[in-house]
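# Descriptive structure summary
Each chain is listed here by its residues.
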Amino acid sequence: MRLIKVIGGLVAVVLVAAVGFLVFAHRSEIAAADPPASFDRELVARGARLAAIGNCRSCHTVAGGLAYAGGVPIPTAFGTIHGTNITPDRDTGIGAWSQEAFVRSMREGVDRAGNHLYPAFPYDHFTKLEDGDLAALYAYLMTRPAVRATAPTNDLAFPAGFRPLLAGWKLLFFQPGRFEDDPRSSPELNRGAYLADALAHCGACHTPRNGLGAQQGRHEFAGGVSASWAAPAIDESNPAPVPWTSESLHAYLRHGRAEHHGVAAGPMQDVTRNLAEAEDDDVRVLAAYVATRMGAPSQEREERAKGLIATAAERLPFNVPVPETMGAAAARLPAGAALYAGACAVCHDAGRTGGMDGIDLALATGVQLASARNFLNVVLDGIHSPRHPSAVLMPGFAGALTDEQIVELAAYVRATYSNQPPWPDIAATLRDIRLNRIAANAEARP
Amino acid sequence: MTATSTFLSRRTVIAGTGALVVGFSVARRAFAQQEPQNVGEEPRRPVALPGSLKDAPLIDSWIRIEATGAITVMTGKAELGQGIKTALIQIAAEQLDVAPHAITLVTADTASTPNEGYTAGSHSMQDSGTAILNAAAQARAILVNAAAARFALAAGELKTGDGKVAAPDGRAIGYGELVSTELLHVEATPASPLKDTSRRLVMGRSIERVDIPVKVTGGAAYVHDLRLPDMVHGRVVRPPSPGARLKAIDEARVRRLPGVLAVVRNGSFLAVVAAREYQCVQAMRLLAATATWDGHSDLPESGKLYETLLALPSRDNDILHRSVALPPGGRTLEATYHRPYQMHGSIGPSCAVALREADALTVWTHSQGVYPLRGALSELTGLGAEQIRCIHMEGSGCYGHNGADDVAADAVLLAIALPGRPVRVQWMREDEHRFEPYGPAMIARLGAALQDGRIADWHHDVWSNTHSTRPGKAGDLLSALYLQAPFPPSPPRPLPQPDGGGDRNAIPLYVLPSVRVTNRFIPQMPLRVSALRGLGAYMNVFAIESFMDELAAAAGADPVAFRLAHLEDARGRDVVTEAARRFGWQATHAQRRPGFGHGFGFARYKNLGAYAAIAVEAEVARESGRVRIVRAVAAVDSGEAVNPDGIRNQIEGGMLQSASWTLFEEVRFDRTHVTSASWASYPILRFSDLPERIEVHVIDRPGEPFLGTGEAAQGPMAAAIANAVADASGVRIRDLPLHKERVKAAIGV
Amino acid sequence: MITLTVNGNDHTVDVDPATPLLYVLREDLALHGAKFGCGLGQCGSCTVMVDGRAVFSCLLPAAAAAGRQVKTVEGLGTIDEPGPMQQAFMAEQAAQCGYCIPGMMMRAQALLEAKPAATEADIRAALEPHLCRCGTQARIVRAVMRAAQAMRLVDAVGRRAEASP
Ligand code: FES
Ligand code: FES
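Please read all numbers here as calculations on a predicted model, not as lab measurements.

What counts, and at which threshold
Residues numbered from 1 in each chain as written. Chains lettered and ligands numbered in written order. Predicted model: local features only at pLDDT ≥ 70, side-chain atom pairs only at ≥ 80, totals over all residues. Heavy atoms only, no water. Domains from an automatic or database assignment. Contact = heavy atoms within 4.5 Å. Buried area = accessible area lost by both parts, 1.4 Å probe. Salt bridge = Lys/Arg side-chain N within 4 Å of Asp/Glu carboxyl O. Polar contact = N/O pair within 3.5 Å; in protein donor to acceptor, adjacent residues only side chain to side chain. Helix = DSSP H or I, 4+ residues; strand = E, 2+ residues; numbered from the N terminus. Nonpolar A, V, L, I, M, F, W, Y, C, P; charged D, E, K, R; others polar. Pairing = 2+ DSSP bridges. Axes fitted to C-alpha atoms, helices over the stretch in contact; angles between N-to-C directions.

Now for the domain arrangement of chain B. All names here are of chain B. The domains assigned to chain B are domain 1 (3-33 + 45-198), domain 2 (223-295 + 344-435) and domain 3 (442-467 + 502-747). Averaged C-alpha coordinates put domain 1 and domain 3 at centres separated by 38 Å. Each partner contributes to the interface: domain 1 provides 15 residues, whereas domain 3 provides 16 residues. Here domain 1 meets domain 3 over a buried area of about 1100 Å², counting both sides, of which 56% is carbon and sulfur.

Here the focus is the interface of chain B and chain C. Taken together, the contact pairs 70 residues of chain B with 56 residues of chain C. Regarding the contact of chain B and chain C, the summed buried area is about 5200 Å², with carbon and sulfur atoms giving 54% of it. Considering only the side of chain B, the residues that lose the most area to chain C are Val-216, Ile-347 and Phe-687 of chain B, jointly responsible for 16% of the buried surface there. Between the two partners, chain B and chain C, sit eight salt bridges. Glu-652 of chain B serves as the salt-bridge partner of Arg-139 of chain C, at 3.2 Å between the closest nitrogen and oxygen. Applying the counting rule to chain B against chain C returns 34 residue pairs in polar contact (both at pLDDT 80 or more). Sorting the residues of the side of chain B that touches chain C by element identifies helix H6 (212-216), helix H8 (277-290), strand E17 (423-426) and helix H17 (644-664) of chain B as the ones contributing at least two each.

What follows concerns the interface of chain A and chain C. Across the boundary between the two partners, chain A contributes 20 residues, which contact 17 residues of chain C. Counting each side, the surface lost to burial between chain A and chain C is near 1400 Å², with a carbon and sulfur contribution of 63%. Here chain A and chain C share zero salt bridges between them. Here chain A is connected to chain C by four residue pairs in polar contact (both at pLDDT 80 or more). Elements that contribute at least two residues to the side of chain A that touches chain C include exactly helix H15 (334-348) and strand E9 (392-394) of chain A. Tallying contributions element by element places H15 of chain A first for the side of chain A that touches chain C, with seven residues. Here the side of chain A that touches chain C is built from residues that sort into 14 nonpolar, five polar and one charged.

Residue and element names in this part refer to chain B. Strand order in the open sheet made by the three strands is E4-E5-E6, with antiparallel pairing throughout. A single partner strand is all that each edge strand has here, and the edge strands are strand E4 (159-161) and strand E6 (172-174). Strand-to-strand twist of the sheet, defined as the mean angle between neighbouring strand axes without regard to direction, takes the value 25°. Bridging between strand E5 (residues 164-166) and E6 involves three bridges; their strand directions are antiparallel. In the sheet register, Val-165 faces E6, and the bridge partner there is Ile-173.

Next up, the structure:
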């Protein structure tokens, strides 16, 4: 009997706690409303430029699909979440959302109906947005063509699918509140910091996350992941062989490519494609801010970079069989060297009269990173032109080279073009990427 | 298996490429003719005989029949993928009353075919088709007369078929038995006993093209595939900027590479020859990496291209001026249109093989004009024209004057350095992109006065560089400009009306009471340019037909109705009406979906060639500015349609290529060089840009003269797209290309 | 020495292992189907099949093709006995200059072997890496659709033949 009582008591406690939690977790619905019939044109235009910085399209527009109609699968550690339709369609989009409902979603991560939203939607950043910017974003979204489209249901591991739990996650990790200027910093850098943090949400990818998927504030910008890509550190530990400057960052963010750094690839290419549509001054302060976060490079790093640039300029075409063109690793890793010579050197080495686009790999950040992920992703998929998404800058080698060959190539490139230790178990990284792709492909199929 | 076992012997190769003309009488007048020196798109010719018979009036310049009955038809035109071979065979077969496969066609070869100048300007059917049509008909009549004499019957009683002349009594005699050396060695007469159009069996039918089977089965179909015994490979190192001069090279280092046979340097012309192709590419790379250059070209600031061009001196010429006093009132409109440099961008980079032997030079080339090329090579090498033989072999589609002639010169320069060995040169992709002669940038300013909904006055000013720097002279060949003793480039020249160059199609076909059209020819060329499919017609039709829509809008009229109201040419009206009907203009135009637009474009190519009207439905994505062509419907009248599917294929291709130019293409450059060095920096249309539907309706006109088709779609398609974009977005864009950044900037958020 | 298996035949060639397969096919094996278009993986005219997948032969070192099954357009049939893909391109007259076509055919063949029921949308998407400057795309799509149908038919007949004793 006692046992029953104890159990009963426990059940009651749990129930009360659960009810209490649900009460705590509960958010009320905001009544459906018709958005204003028209908006100030200038406000809409401002919203467009801000949305470009916020990179909204990347998660809310499938490749080749209708703008903001949602459906983009976003892989997370807990399963796949889908970007929702944020066009002003009444039934499937946000057409019935008042500005209040929109602002609440951005600042608190709660939809109009009162459901908690997954932090894949970066409200931990958007909460810091200013009222005026939110109004502009609202005006912009509400003037997009309405599209009737419902995103596929999320596919999350138990218990992540139970939304009220998110209230607990928020309690632990989410700090609502506006952005605050750093009084010691200049207005430009403060603006840059605001854009980087509140809107561009750089940290969402470039800051490491903890086991529950929250960004580790103490390690802001120390490097994270995005889909199957590594997002390199953008603080003092940035691994770029040639240190970034505010100018080179501006070029990169704005045009998707920078001298001595190459072309943006993977998810970052989307970011740069969007930033091409932002206000140039905004991109400039964003770049300036990130540059200060990276800090001034050491003398030694500067020297090394100069050396690399000089070597790159003089490097002879590797695929020409004269000894002086070959690196030391060629003898040790002949298979990888032959692959490089036949498949890569044509674009990546000097000797082309046409000013081909391939970067000297000694300057490529992806070759320097601790993991081979980014390098492998680029080899598998290639790179599209940042300006013309359908034009191929570099072809993918996914079908052309076998996994074994890709591993040989990676080992050779790492040995020749970085001063880092060999990548550990490239084959395993490659397998992992492939498995994720198979899953993602299965997901993409209806 | 050994590599050499698969080499074709030189003899077979030559036979297969058009040299098999032995034992025929030499049609002297055709060969002795000098290539025209001041050629535009086609040689000038006196009047009288039809088509190219004017220049080569002997029937056996065109048709030869051997004692075995084998029939060889010769044309000075070249197959460029336009299907000309098939159409010419059809014409000859029809008029000779034989099956198409009984005919062997020999295309442009300075040793065996008439000189028909260039295969350009959509002239092949008009020139060569007409010549062969008449020559074949006359040859048949000659054969029938010869048979009549043998049978002692009246010619009218005899019938032809299957390569024989048959008498009503059952006697029959093969053509081969009838011919003698002199029989067909006679001048053609102006009138020909053409077969009645109702009795035609081969013409007017879509027979399959004769060149396709070998192309889809991996046969040696192109000059690129030519393999001669002992053939070696050459590659040219191009300068970093067109104006740069070679300072120094590390020749010894390159010579040490495996397979290298020669490093050829003459002034700033730098090249390498190696035994194997990839060895040659490697050597070229090392040579390029170690070469140093001086100086550079001063190119215009790319953002100020049009201002720069307008500031250059121009030679102005009213090509049409008719003014009548206008009644007062009405409305005037003005608009200026721009077109950037655009490239031919052949998928296969230009290629040629040359062989210097004893006192002969043989060149296998995909040049559009073997005779003019021969003239230029003669000047370049100092060899007499009779020592040089240029044989046309197919190349990758060229669409005008691309690198074909230039690479032939490259091959010749290297062949002279290595006598006795055939030298094959193929350009690298970046060479083709950076050094081909582009289609010129152009400006067109149009103005009109509207009165009572009709055009009362019209003026059109067009600024352009030349549209032909085709050879004829050595200085028209790229590498000749870099030699130690360089050849001067030919002085740029405008091409005269009625064909025109920059002013091609600048005169609208519409009824205009008062009109002035002025060609403003700019001699000075910031970038090297030449003929690109359609020449000025692409731009002028784009401008005229865009402006017609602007005027229609101002007049509150439907674009198609507005055109018809100003069009009296009956065949022009027919294609406009047919395209509109097939598109469903009337029915669907009123109910366009939001974001979708309809556009129309019409022109008669050069006002002399084929008529084409095109209607397009396009969608403009407001967010990205991307234009998507949903469907395109064309109606075309090319005169008598010899091969309707061939016409459809040409028009479809023209429409898609024009769509590519119109939506995407612009040669980019900085102050010293062209930066569009590959497909990544010069994007073109891809499968994802392919319309859902594309239709071409051919209006056949049996018995009417052939009208050139190949370039007819370029202008109308561009205008139809621009008009559809304006219709969909409400914003008129007058600058090409209509790429998404431009469209997006124009339509705003 | 590298041994390549092309269209089912073994060939031993003596080339630098880095030599792109394209040059070996054209120069050493006299197989002209694959064409040089860009050498940069941007146009598709050099496409061949390697182990059933469409690959740009201009960027595949010969050494990387060793021990794998290479198929070129010559392996799809001959001029006297064209295979279904070639027949379809002839029937649709899907060529102008034709330079891009063999590469297109090999990509299409790889697609149809992997996915016999490919739809028009699949075909358009698969051919995206290929450029055609003549504007033959509409016909190319039609030709591949026709080839798909023919290949399915051949398959069905083959199966029926196997099923009957
Ligand atoms: S030649 Fe290989 S992709 Fe262009
Ligand atoms: S048919 Fe000429 S490039 Fe495609």
